Amino acid sequence: MIQLQHVCKTYGEGENAHHALRNVNLTIDDGDVFGIIGASGAGKSTLIKVLTGVYSKDEGTISMEGTPVQIRTTQDALKAGISTVYQEITLCPNLTVAENLYIGRTKGAFTNWRKMNADAKKLLSSLGIPAAPTQQLSSCSIAVQQMVAIARAVDMECKVLILDEPTSSLDEQEVEKLFKLMLDLKSRGVGIIFVTHFLEQVYAVCDRITVLRDGKLVGEYKIAELPRVQLVSKMLGKELGDLSEIKTEGAEDALENAEVVYEASGLSSAAGVRPFDFSIRKGEVNGFTGLLGSGRSESVRAIFGADHVSSGTVKMGGKPVKITSPLAAMKHGISYLPEDRKRDGIIGDLSVRDNIILARQVLDGFFHPISKAKAEKYAEEYIRLLSIKTASTDTPIKSLSGGNQQKVILARWLLANPVYMILDEPTRGIDVGTKVEIQKLVLQLAAEGKSVTFISSEIDEMLRVCSRLVVMRDRQVVGELRGSDLNQSSIMKTIAGGEQA
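Predicted, not measured: the structure shown is a model, and the values here were computed from it.

Caption draft 1: Broad picture of the sheet that holds strand S12 (residues 276-281). Taken together, four strands build an open sheet; the order of strands is S12-S11-S14-S15 and the sheet is antiparallel. Of all the strands in the sheet, just S12 and strand S15 (319-321) have a single pairing partner and so form its edges. If you compare each strand with its neighbour and ignore which way they point, the axes differ by 20 degrees on average. Here strand S11 (residues 260-269) pairs with S12 via five bridges, running antiparallel. Considered in S12, the bridge of Val260 is made with Arg281. Helix H10 (residues 296-304) contacts S11, S12 and strand S14 (309-316) of the sheet and is inclined by roughly 115 degrees relative to S11.

Quick look at the structure:
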């Protein structure tokens, strides 16, 4: 149905060139559910964008049913029979289901509305989609909206349907409905490319799977012949026999009798995290680990109150507390360095000084402004303490490197003097030297009595810093590792589903 040969895509030039795709080959047959999986930065999104005409490939060929095609625009992709349904719904919520199905394909004022609604009803019925043609799309569940987007693609006679993380916002029942529709389309001969981070779903619905890593094709496998633990190994680039066990720093035995600083029972949130229990002791560094999309960030956002908490009880210092917002968390001594520093961490147009004092000012209240002299003193102290490279305290933070921006956010929370710090991907996208500095700082903070939850996509880094790891898969806790079990082999087996996976 579709074949890619030696497809390459590079961003930038010279020393700054980033090879997003390198000589990628793959073949999708008609009636084939084909999974594409890989860790963050593996090249999945770039591959989809090349296939759908968002980006133009630099080298290689794309063929449909044996005939080479040029896909330079999204219209070229549609004409070739390639349709995409993205994670974020790209339909119009203010229009009816029928209008969304046929938007752009009618004749404006001359539209035969009765025929359009009748055709929509027939299409929805044939695909088993529980929606009425005249129903406003916004009144449908996210799952039904996804199905309407798929129905639109099918009615446009797509030969290949790309589903990009379609289940990330769905519950289990909705996922089942979507899978039923996918299998129906498969029986009709539609080739489906399914991109997801959920391992269980890959094994539930795919026939074959391609693994990408660092823009390269690791391999293509029949799903029945690839145990889950091997799939995790291929994604991370670590073969089980080659894994080195790294000793964690810190005396775990001494922590057993330390005070429990934070304790949650049955905590869950509107972001889809299933209820979990969690605690951390004074001076402990623990972490959440799992593949991207496993629920690591959603779990710590629930702890910090950044997402709406839907269930659970929380204690701090043994006393029940309510943490329903970030401000409430801050007032109880919890700080949170977010995964996406540019979107959720820094305020780009503000100075380094203003970014550093932000959390402290929020806690003091804006009716008690920090004087400029005091703010300058705080900023200079933490610039020196964390070796932040900046021309001055007045420099806009957006002009700093990623590593120095991260240090500024760390300084912000250290100035607020929390008892419990949550650091989500604090070393992502920064140089090796700065990574080591931040790792040492985390261990130093723990030695001084602060509790730290540390999250990183790099397992080696987690093992260097954490004395206990909570393992997640598909937005639920599937295990907890400590002591002699704290090694890459155990982590990968737990992520994959145990010894038998």
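There is more to say after this.
Caption draft 2: Local environment of the sheet that holds strand S17 (residues 420-424). Read from one edge to the other, the open sheet built from six strands follows the order S16-S17-S18-S13-S19-S20, with strand pairing classed as mixed. A strand with exactly one partner marks an edge of an open sheet, and here the two such strands are strand S16 (334-337) and strand S20 (476-482). On average, each strand axis in the sheet is tilted by 20 degrees relative to the strand beside it, whichever way the strands run. Of the pairings in the sheet, the one linking strand S19 (residues 468-473) to S20 comprises six bridges and is antiparallel in character. Counterpart to Val470 in the pairing with S20 is Glu480. Of the strands in this sheet, strand S13 (285-289), S19 and S20 are in contact with helix H18 (residues 488-496), which crosses S19 at around 30 degrees.

Caption draft 3: Molecular detail of the pairing of S14. Where S11 meets S14, six bridges bridge the pair, whose relative direction is antiparallel. Residue pairing across strands places Ser265 opposite Thr313, the latter belonging to S14. Between S14 and the antiparallel strand that follows it, S15, lie two residues; Gly317 among them carries a positive phi value of about 65 degrees.

Caption draft 4: Highlighting H10. Of all the nine residues making up H10, eight are buried; the element is thus mostly covered by neighbouring parts of the structure. Those residues of H10 not exposed but buried are Arg296, Ser297, Glu298, Ser299, Val300, Ala302, Ile303 and Phe304. Directly after H10, the chain includes Gly305, whose backbone phi takes a positive value near 80 degrees.

Caption draft 5: Representation of the pairing of S19 within the structure. The buried fraction of S19 amounts to six of the six residues, a majority that puts the element mostly inside the structure. Of the two faces of S19, the one holding Arg468, Val470 and Met472 and the one holding Leu469, Val471 and Arg473 are both buried throughout. Sheet topology places S13 next to S19; four bridges connect them, and they run parallel. Looking at the pairing, Gly287 lines up with Leu469 of S19. The antiparallel pairing of S19 with S20 creates a hairpin that spans two residues between the two strands, and Asp474 there sits at a positive phi of about 55 degrees.

Caption draft 6: Geometry of the confidence of the model for the protein chain. Per-chain confidence: the protein chain averages 82 in pLDDT, with 91% of residues scoring 70 or above. Averaged pLDDT values over the elements of the protein chain bottom out at 58 in helix H9 (residues 252-255) and peak at 93 in S15. Confidence drops under pLDDT 50 across residues 240-251; counting only partners more than four residues distant or on other chains, this segment forms 22 contacts.

Caption draft 7: Spatial organisation of the environment of Asp155. Of note, Asp155 is situated in helix H5 (residues 142-155). Residue class for Asp155 comes out partly exposed when judged on its relative accessible area of 29%. Through-space distance from the C-alpha of Asp155 to that of Ser233 is 39 Å; in sequence the pair is 78 residues apart. In contact with Asp155, other than residues within four places in its own chain, are Tyr102, Arg105 and Leu123.

Caption draft 8: Quick look at unusual backbone geometry. The phi dihedral of Ser387 is positive, around 55 degrees, even though this residue is not glycine. For Ser387, a relative accessible area of 40% corresponds to the partly exposed category.

Thresholds applied
- Residues numbered from 1 in each chain as written.
- Predicted model: local features only at pLDDT ≥ 70, side-chain atom pairs only at ≥ 80, totals over all residues.
- Heavy atoms only, no water.
- Pairing = 2+ DSSP bridges.
- Helix = DSSP H or I, 4+ residues; strand = E, 2+ residues; numbered from the N terminus.
- Axes fitted to C-alpha atoms, helices over the stretch in contact; angles between N-to-C directions.
- Contact = heavy atoms within 4.5 Å.
- Buried < 20%, exposed > 50% of the residue type's maximum accessible area, 1.4 Å probe, protein only.
- pLDDT = per-residue confidence, 0-100.

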